[in-house]
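# Commentary on secondary and tertiary structure
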Amino acid sequence: MASDEVDESTRETLERHRAFWAMAPVSEPLLSIGRYRPLQRRQPYLLADGTVAQERMELRPDLIDPRLLAGRFARSAAVVSNGFMRGPGPQDFCWNEAIAGATIRWSAGHVWSEPFLNDLEDMERLRIAPGNPWLAKLREYATVLVERAEGRYPVVQPLLRGPIDIACAAYGDERVCWTMVDEPDTFRRLLDICTDNFLTVAKTWWSQVPPFLGGYCEYGIWAPGTAVRSQEDNAVLCSPRTYREFLRPCDERICAAFDYAVIHTHSGGLPVMVDSLVDLAPLSGVQVSIDWPAGPSVAQLLPLFRRINEHKPLIINGAVTQAELDRLLASFSPRG
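Residues numbered from 1 in each chain as written. Predicted model: local features only at pLDDT ≥ 70, side-chain atom pairs only at ≥ 80, totals over all residues. Heavy atoms only, no water.

### Some points on the overall build of the protein chain
A tally of helices and strands in the protein chain yields 11 helices and 11 strands. Taken against the 2.2 N^0.38 rule, which gives 20 Å for 336 residues, the C-alpha radius of gyration of the protein chain at 20 Å falls within 12% of a compact globule. Its C-alpha atoms give the protein chain principal-axis dimensions of roughly 55 × 45 × 40 Å. In the protein chain, 74% of the contacts between residues at least 6 apart in sequence involve partners at least 24 apart. Here the protein chain displays about 16,100 Å² of accessible surface, and carbon together with sulfur accounts for 50% of that area. Looking at charge distribution, the protein chain has the averaged site of its 35 positive side-chain charges lying 4 Å from that of its 43 negative ones. (Helix = DSSP H or I, 4+ residues; strand = E, 2+ residues; numbered from the N terminus. Rg over C-alpha atoms; globule rule 2.2 N^0.38 Å. Contact = heavy atoms within 4.5 Å. Areas by Shrake-Rupley, 256 points an atom, 1.4 Å probe, with all protein chains shown as cover. Lys, Arg positive; Asp, Glu negative; His and termini not counted. Charge placed at Lys NZ, Arg CZ, Asp CG, Glu CD.)

Below is the structure:
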């Protein structure tokens, strides 16, 4: 779709999204409300031969058919809904872990990766080799989604876990923690390889996906340039000091490689990361998933949200009560 073909509603949405990234004054925030269904039954994982994945089954590239998993984005569906831009991406999967060499299993309605690296002297095996079959499968997924989109809506990024997530998937959480303390230089080398992998996978994905109206979408928000969504869920294993020392340089490399970069965080781990993120120059925005019901309350999170939004655009997702939503809306300017 060319920019001169968009309707007035889409054009207004693009301007609202530009204003979000620029933290420009606006009359109201971007907001979408839906019903929270934590117990909704998950769809079975359909395999290439038409059967479904069984409990503890190992998933291999030859068992994955993107044409079966991608589904169809209805031709009648509006690209813009509640101020956000809709578009499909690959079904959630452990892409970075699989590409690095992890065994991927289907269990309890989810895909899981298993640690596979026994000795960090062998960490170079994590690097992506030419012809990596999982990376080829991700390219195939992109091709399917782009063909089906026919330029009518944006294709979005798959779930790509960040450097420490890849390291923990490969070596195990406990051993990563000991390495961080006992062998910091070795830990940095491990993170460097994992960061290289993240960048290779993200750039490979976007090399297959054309821009939509001159930009790309993250969290339903269109950005007028290249974009990436990263995360460091296992940053909860760090202190604020060790995050800044070890992980912030990885995030800086990732963010600097794209025009717009958002990092996904969880409310439970936000205190570890917040001080390092607010002054991370190439970071365009911070997304926070509210860990309901076990994480901090919205009232407890408000000071952290304010600290982020003083410096960066802020995206908040998660289950909230009406009273909590009202408090959030009353506590912030719509700016960013």
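### Brief notes about the pairing of strand E11 (residues 314-317)
Judged from the four bridges that link them, strand E10 (residues 285-289) and E11 form a sheet pairing that is parallel. When the sheet's bridge partners are listed, Ser289 is paired in E11 with Asn317. (Pairing = 2+ DSSP bridges.)

### Considerations on the nonpolar core
Here is a general trend for soluble globular proteins: nonpolar side chains tend to be buried in one another's company. Formed by 106 residues in total, the largest nonpolar core has its most connected members in Tyr45, Leu59, Phe93, Leu126, Trp205 and Tyr243. Among the elements that make up this core, the one with the highest residue count is helix H7 (residues 184-208) (11 residues). Aside from chain neighbours lying at most four places away, what touches Leu59 is Tyr45, Leu47, Ala53, Phe93, Ile104, Trp106, Val111 and Trp134. (Core = buried A, V, L, I, M, F, W, Y, C linked by side-chain atoms within 4.5 Å. Buried < 20%, exposed > 50% of the residue type's maximum accessible area, 1.4 Å probe, protein only.)

### A short note on the side chain of Ser276
By the element assignment, Ser276 lies in helix H9 (residues 270-277). Classification of Ser276 by relative accessible area gives buried; the value is 1%.

### A closer look at the pattern of salt bridges
Under the criterion given, the structure shown has 19 salt bridges. With its nearest N and O atoms 3.0 Å apart, the salt bridge here joins Arg161 to Glu97. Residue Arg161 is located in the loop between helix H4 (133-149) and helix H5 (163-171), and its partner Glu97 is located in helix H3 (residues 95-100); the two are separated by 64 residues in the primary sequence. For Asp279, the salt bridge identified is with Arg244, shortest N-O distance 3.6 Å. Here the residue Asp279 occupies a position in the loop between H9 and E10, and Arg244 occupies one in helix H8 (residues 240-256), the gap between them amounting to 35 residues. The exposure class assigned to Asp279 is partly exposed, which follows from its relative accessible area of 42%. Through salt bridges with shared partners, a single ionic network connects Glu124, Arg127, Asp196 and Arg253. (Salt bridge = Lys/Arg side-chain N within 4 Å of Asp/Glu carboxyl O.)

### Some details on the packing of H5 against H7
Direction vectors running N to C along H5 and H7 enclose 110°, while the axes themselves pass 8 Å from each other. One way to sum up the angle between H5 and H7 is to call them roughly perpendicular. Here H5 contributes Pro163, Ile164, Ile166 and Ala167 to the contact with H7, which in turn contributes Phe187, Leu190, Leu191, Cys194 and Thr195. A per-class count over the contact of H5 with H7 returns eight nonpolar, one polar and no charged. (Axes fitted to C-alpha atoms, helices over the stretch in contact; angles between N-to-C directions. Parallel < 35°, antiparallel > 145°, perpendicular 65-115°, else oblique. Nonpolar A, V, L, I, M, F, W, Y, C, P; charged D, E, K, R; others polar.)

### Some points on H4
For H4, built from 17 residues, the straight-helix expectation of 24 Å at 1.5 Å per residue is met to within 8% by its first-to-last C-alpha distance of 24 Å. Those residues of H4 that sit buried are Trp134, Leu135, Lys137, Leu138, Tyr141, Ala142, Val144, Leu145, Arg148 and Ala149. Of the surrounding secondary structure, the elements contacted by the buried residues of H4 are strand E1 (57-59), helix H2 (66-69), H3 and H7. Capping of H4 at its N-terminal end is provided by Asn132; its side-chain oxygen lies 3.0 Å from the backbone amide nitrogen of Trp134. Two residues or fewer past H4, Glu150 is found with a positive phi of approximately 50°. (Expected span 1.5 Å × (residues − 1). Polar contact = N/O pair within 3.5 Å; in protein donor to acceptor, adjacent residues only side chain to side chain.)

### Topic: the sheet that holds E1
Backbone hydrogen bonds hold the strands of a sheet together, and the pairing may be parallel or antiparallel. Here three strands make up an open sheet; going across it, the order is E1-E4-E5 and the pairing antiparallel. Here the strands that pair on one side only, and so sit at the sheet edges, are E1 and strand E5 (110-114). With direction set aside, neighbouring strand axes in the sheet form an average angle of 40°. Relative to E5, strand E4 (residues 103-107) is paired through five bridges, and the arrangement is antiparallel.

### Observations concerning the environment of Ala261
Inspection of the secondary structure assignment puts Ala261 in strand E9 (residues 260-266). A sequence separation of 34 residues divides Ala261 from Ala227, and the C-alpha atoms of the two residues are 5.6 Å apart.

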